[in-house]
Amino acid sequence: MRLVLLGPPGAGKGTQARALGALWGVPQVASGDLLRAVVREDSELGREAASYMDRGQLVPDDLVLKLVAARLRKDDARPGFILDGFPRNVTQAEALAKGLEHFNLKLDKVVAVIVPDEEIVKRISGRRTCRNCAAMYHVLFEPPAKAGVCDKCGGELYQREDDAEETVRERLKVFAEATRPLLDHYDRLGLLGQVDGVGRTDEVEKRIIAAVNGVAPPPK
Ligand code: ADP
Ligand code: ADP
Ligand code: ZN
């Protein structure tokens, strides 16, 4: 399974990519997680990446492409992958297609997770992430058993700095300008499926699976 999850920040891409990756035995490849790992290294490159991320802007394509390509070349991605947060513009989508083509591979499907802006703001403002294993929580919708502590590994939960309201508004703008054109791009290629991202996470997961299988989603 080679799947791309498309959608605005906070749509639930990471949550779904993790669940589906576990179900299908393929890794979640999240460009944001790869970038945050570089930022943690505290290198010149990391500082440059952070200067874009802190403003809610896209990090330059060459760095992102290098990170994702290196990740997709790892052994565990041989049976497939779920891309989350990448590609985010047409240049990245074309580079991905070319890179896959080189290995005689192609994407099986691109699923766009549709969530209205007002719901996104609620989701992002309550989002908490594990510092240790990157598991995702929400203070209201998906609370951990113990506040501030990861259920899976006991790690500390934190709020991402770029989840501040003003930065979120900028990220939504960047999504509309740079990333939304990918819906048309993948639709023209016959790869696009669209699902309603509002509802319980297990319901959204079922809709994505149905879209991947090309069948109508089960009734709500
Ligand atoms: P979210 O899950 O909320 O959509 P991400 O973790 O995917 O956020 O991304 C956080 C930030 O990392 C983005 O605002 C952007 O600065 C940077 N980033 C992540 N993926 C990409 C990408 N494919 N291209 C450019 N920048 C990216
Ligand atoms: P993305 O990777 O698209 O930025 P996340 O998976 O990080 O999105 O989800 C954003 C926030 O919304 C997280 O706090 C997550 O726990 C919460 N969330 C994810 N899916 C749902 C859902 N179906 N209903 C309510 N909250 C959700
Ligand atoms: Zn954890």
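All figures in this text were calculated on a predicted structure; none of them were measured in a lab. (Residues numbered from 1 in each chain as written. Chains lettered and ligands numbered in written order. Predicted model: local features only at pLDDT ≥ 70, side-chain atom pairs only at ≥ 80, totals over all residues. Heavy atoms only, no water.)

### Things to note about the nonpolar core
Right, so step 1: Ranked by size, the top nonpolar core spans 27 residues in total, and within it Leu6, Leu35, Leu83, Leu96, Leu107, Val110 and Tyr186 carry the most contacts.
Right, so step 2: Those elements giving two or more residues to this core turn out to be strand E1 (2-6), helix H2 (31-40), helix H3 (44-53), helix H4 (61-72), strand E3 (81-84), helix H5 (90-102), strand E4 (109-114) and helix H8 (181-188).
Right, so step 3: With five residues, H4 is the largest single contributor of residues to this core.
Right, so step 4: By size, the runner-up hydrophobic cluster in this structure holds 19 residues, among which are Leu3, Ile82, Ile124 and Val212. (Core = buried A, V, L, I, M, F, W, Y, C linked by side-chain atoms within 4.5 Å. Buried < 20%, exposed > 50% of the residue type's maximum accessible area, 1.4 Å probe, protein only. Helix = DSSP H or I, 4+ residues; strand = E, 2+ residues; numbered from the N terminus.)

### Re the coordination of the zinc ion (ligand 3)
Metal coordination angles have textbook ideals: 109.5 degrees for a tetrahedral set of four donors and 90 or 180 degrees for an octahedral set of six.
Right, so step 1: The coordination sphere of the zinc ion (ligand 3) contains the protein donors Cys130 (SG), Cys133 (SG), Cys150 (SG) and Cys153 (SG), at a distance range of 2.3 to 2.4 Å.
Right, so step 2: Because the angles between the four donor atoms bound to the zinc ion (ligand 3) fall within 98 to 113°, the donor set is best described as tetrahedral.
Right, so step 3: Sequence spacing of the donors to the zinc ion (ligand 3): C-x2-C-x16-C-x2-C. One end of the pair, Cys133, is in the loop between strand E5 (127-130) and strand E6 (136-138); the other, Cys153, is in the loop between E6 and strand E7 (157-158), with 20 residues separating them in the sequence. (Donors = N, O, S within 2.8 Å, 3.2 Å for Na, K, Ca; no water. Tetrahedral: all angles 85-135°; square planar, octahedral: opposite > 155°, others 65-115°.)

### Here's the deal with the site of ligand 2
Right, so step 1: Near ligand 2, the surroundings consist of 18 residues, among which Lys13, Thr15, Arg127, Tyr137 and Gly199 are the closest.
Right, so step 2: Note that an oxygen atom of ligand 2 is positioned 3.0 Å from one of the backbone N or O atoms of Gly12.
Right, so step 3: With respect to ligand 2, the side chain of Arg127 contributes an N or O atom lying 2.6 Å from an oxygen atom.
Right, so step 4: Burial of ligand 2 by the protein amounts to 94% of the accessible area it has alone, namely 560 Å².
Right, so step 5: Of all the secondary structure elements, the ones that give two or more residues to the shell around ligand 2 are helix H1 (13-24) and E6.
Right, so step 6: Tallied by class, the residues present in the shell around ligand 2 amount to six nonpolar, seven polar and five charged. (Near = heavy atom within 4 Å. Polar contact = N/O pair within 3.5 Å; in protein donor to acceptor, adjacent residues only side chain to side chain. Areas by Shrake-Rupley, 256 points an atom, 1.4 Å probe, with all protein chains shown as cover. Nonpolar A, V, L, I, M, F, W, Y, C, P; charged D, E, K, R; others polar.)

### Quick notes on the layout of surface pockets
Right, so step 1: In this structure, the second largest pocket spans a volume of roughly 510 Å³.
Right, so step 2: Considering the residues around the second largest pocket, the lining is formed by 19 residues, among which Arg36, Val39, Arg40, Tyr158 and Arg160 are closest to the centre.
Right, so step 3: For the lining of the second largest pocket, the elements supplying multiple residues, two or more each, are H2, H3 and E5.
Right, so step 4: Examining the composition of the lining of the second largest pocket, we find that five residues originate from one element, H2, more than from any other. (1 Å grid on protein atoms, 1.4 Å probe; cavity = no way out; pocket = protein on both sides within 12 Å on 5 of 7 lines; lining within 4 Å. Points joined across faces, edges and corners; volume = space filled by probe spheres on them.)

In short, shape yes, function no, at least from these values alone.
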